[in-house]
Amino acid sequence: MSVILYDEFGKIGEEFTSKFVDEETEFLFLTVESSNGGLVLSKDIICPSLEFVAAVNLATGEFSKNKGRLK
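Residues numbered from 1 in each chain as written. Predicted model: local features only at pLDDT ≥ 70, side-chain atom pairs only at ≥ 80, totals over all residues. Heavy atoms only, no water.

Things to note about the environment of I45
Reasoning step 1: Note that I45 resides in strand β3 (residues 45–52).
Reasoning step 2: Its relative accessible area of 44% is what places I45 among the partly exposed residues. (Helix = DSSP H or I, 4+ residues; strand = E, 2+ residues; numbered from the N terminus. Buried < 20%, exposed > 50% of the residue type's maximum accessible area, 1.4 Å probe, protein only.)

This is how it looks when you write it as structure tokens:
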């Protein structure tokens, strides 16, 4: 029974990952504050967060004024 479940989950995992492009893009984020907050997931894992006011795609030089949050 476990072999059948593993095969089904394996197929689902391959299908899921095939929908994404394995590519890295570098961005420069412009902020007006330092990172002083975040989320503690466990005693060993801290997930800092930071709001940004603009970003630059370093590969294309495209400037975006869209605000957002990095986590």
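Quick notes on a nonpolar patch on the surface
Reasoning step 1: A surface patch of nonpolar side chains, amounting to about 540 Å² of accessible area, comprises L28, L30, V32, V53, L58 and F63.
Reasoning step 2: With respect to the helices and strands, the residue V53 is situated in the loop between β3 and β4 (54–57). (Patch = residues over 30% accessible without salt bridge, like charges linked within 9 Å, V, L, I, M, F, W, Y side chains within 5 Å. Areas by Shrake-Rupley, 256 points an atom, 1.4 Å probe, with all protein chains shown as cover. Salt bridge = Lys/Arg side-chain N within 4 Å of Asp/Glu carboxyl O.)

Structural notes on the sheet that holds strand β5 (residues 63–64)
Reasoning step 1: In space, the three strands of this open sheet follow the order β1-β4-β5, with antiparallel pairing throughout. Here the strands that pair on one side only, and so sit at the sheet edges, are β1 (27–30) and β5.
Reasoning step 2: The sheet contact formed by β4 and β5 spans two bridges and is antiparallel. Directly across from A55, in β5, lies its bridge partner S64. (Pairing = 2+ DSSP bridges.)

Considering the environment of L28
Reasoning step 1: Summarising the element assignment, L28 is placed in strand β1.
Reasoning step 2: With 30 residues separating them in the primary sequence, L28 and L58 have C-alpha atoms 6.7 Å apart.
Reasoning step 3: Setting aside chain neighbours within four positions, we find L28 in contact with A54, A55, V56 and L58. (Contact = heavy atoms within 4.5 Å.)

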